[in-house]
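Structural features, examined
Listed below, chain by chain, are the residues.
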Amino acid sequence: MTAAAPSAASRIAVVTGASSGIGAATARRLAAEGYRVVLTARRKDRIEALAEELNAAGHSATSYALDVTERGAVDQFATAFQTIGVLVNNAGGALGADPVATGDPDDWRRMYETNVLGTLNVTQALLPALTASGDGTVVVVSSTAGFATYEGGAGYVAAKHAEHVLAETLRLEIVGTPVRVIEIAPGMVKTDEFALTRFDGDTEKAAKVYEGVAEPLTAEDVADTIGWAITRPSHVNIDLMVVRPRAQASNTKVHREK
Ligand SMILES: NC(=O)c1ccc[n+]([C@@H]2O[C@H](COP(=O)([O-])OP(=O)(O)OC[C@H]3O[C@@H](n4cnc5c(N)ncnc54)[C@H](OP(=O)(O)O)[C@@H]3O)[C@@H](O)[C@H]2O)c1
């Protein structure tokens, strides 16, 4: 079956957290699918460079520096759009891996603010433009952490559970409008920064996350699932896709080569 081409009214795709990892790969993938991509993240230099690269390759990309936790800035950003086809809520991540007994409440707060309130802010601000397109898609990049917990993961797991609930509830509430809500829940993805950010720049701890795992998912693997889900015909809503590497059977059951 051939993928549906984006209609003229729904050609713009906004990607949050497009400065690295899954967001950058998704922006590349959607540009290749024919979308005019709008790259957002806090690091302006990164998204500007990616937009330049995409434009030089004949695609259409713009960049906009945005912190998804700053509601005023998000609202200001949204005024630029009367209609958009796709919003990929990807900005987020984990901070720390401490047990509940000693976890830093500030890490928990920041994870909730970025993963949950960030997704809420951008989705609320762009929902009118998504609806106005007559054919909108909201993607939420949650995680397998949104479905099951693991030791040392409580702060991130709690935030991703909340992000999952946001996606599921939004789908219930806007049924009957021309907007789909797709949740992509990846397992272990080896991106350059996810584990580094989690362990505050500690490269040894970050490397341990993927140690012995033959083939963790790549950012491109996840972008591929997002691209596939978005390009299904408009009446097809891929509610939820859980995607893990073959070597990972659950959040806690990972095959590591000796
Ligand atoms: N890697 C994994 O194993 C994995 C598994 C499941 C789910 N996920 C989820 O997938 C998403 C992307 O992860 P990744 O692996 O690609 O990690 P990453 O490379 O660290 O990407 C995180 C992105 O989020 C952006 N971001 C963080 N805080 C932000 C804020 N306040 N405002 C705007 N942008 C912000 C970062 O850009 P700036 O720093 O430039 O703002 C960056 O582009 C996250 O939601 C993560 O939780 C990852």
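Residues numbered from 1 in each chain as written. Predicted model: local features only at pLDDT ≥ 70, side-chain atom pairs only at ≥ 80, totals over all residues. Heavy atoms only, no water.

Keep this limit in mind: UniProt positions are given in the numbering used here, feature names are shortened, and annotations may be inferred rather than shown by experiment.
As named in an unreviewed UniProt entry, the protein is Oxidoreductase, taken from Streptomyces colonosanans. Turning to the protein, the UniProt record has this under Sequence similarities (unreviewed entry): "Belongs to the short-chain dehydrogenases/reductases (SDR) family."

Description of the UniProt feature "domain: Ketoreductase" (unreviewed entry) in the protein
For clarity, the cut-off: Strands are runs of DSSP state E lasting at least two residues, helices are runs of H or I lasting at least four, and both sets are numbered from the N terminus onward.
Mapped onto the present numbering, the UniProt feature "domain: Ketoreductase" (unreviewed entry) falls at residues 11-192. Along residues 11-192 the backbone is 45% helical and 19% strand, and the end-to-end C-alpha distance reaches 29 Å.

Concerning the sheet that holds strand 1 (residues 12-16)
Rule in force here: By definition, two strands form a pair when at least two bridges between them are found by DSSP. For helices, the fitted axis covers only the stretch in contact; all axes are lines through C-alpha atoms, and the angles between them, taken along N-to-C directions, range from 0 to 180 degrees.
With parallel pairing, the seven strands of this open sheet are ordered in space as 3-2-1-4-5-6-7. Here the strands that pair on one side only, and so sit at the sheet edges, are strand 3 (60-65) and strand 7 (240-243). Averaged over all pairs of adjacent strands, the angle between strand axes in this sheet comes to 15°, irrespective of strand direction. Note that strand 1 and strand 4 (residues 86-89) share three bridges and pair parallel. Residue pairing for strand 4: Val 14 is matched across the bridge by Leu 87.

Description of the packing of helix 1 (residues 21-32) against helix 2 (residues 44-56)
Relative orientation and spacing of two packed helices are given, respectively, by the angle between their axes and the distance between those axes. Short version of the rule: Every angle not falling under 35 degrees, over 145, or within 65 to 115 is termed oblique; those three ranges are roughly parallel, roughly antiparallel and roughly perpendicular. For any pair of crossing helices, the crossing counts as left-handed if the nearer helix is rotated counterclockwise from the farther one by less than a right angle, and right-handed if it is rotated clockwise. Every residue pair with non-hydrogen atoms within 4.5 Å of one another is taken to be in contact. When residues are grouped by polarity, Ala, Val, Leu, Ile, Met, Phe, Trp, Tyr, Cys and Pro land in nonpolar, Asp, Glu, Lys and Arg in charged, and all others, Gly among them, in polar.
Taken N-terminus to C-terminus, the directions of helix 1 and helix 2 make an angle of 25°; their axes are 11 Å apart at the nearest point. By the criterion of interaxial angle, the relationship of helix 1 to helix 2 is roughly parallel. Note that helix 1 runs across helix 2; the crossing there is right-handed. Seen from helix 1, the contacting residues are Ala 24, Ala 27, Arg 28 and Ala 31; seen from helix 2, they are Leu 50, Glu 53 and Leu 54. Within the contact of helix 1 with helix 2, the residues separate by chemical class into five nonpolar, no polar and two charged.

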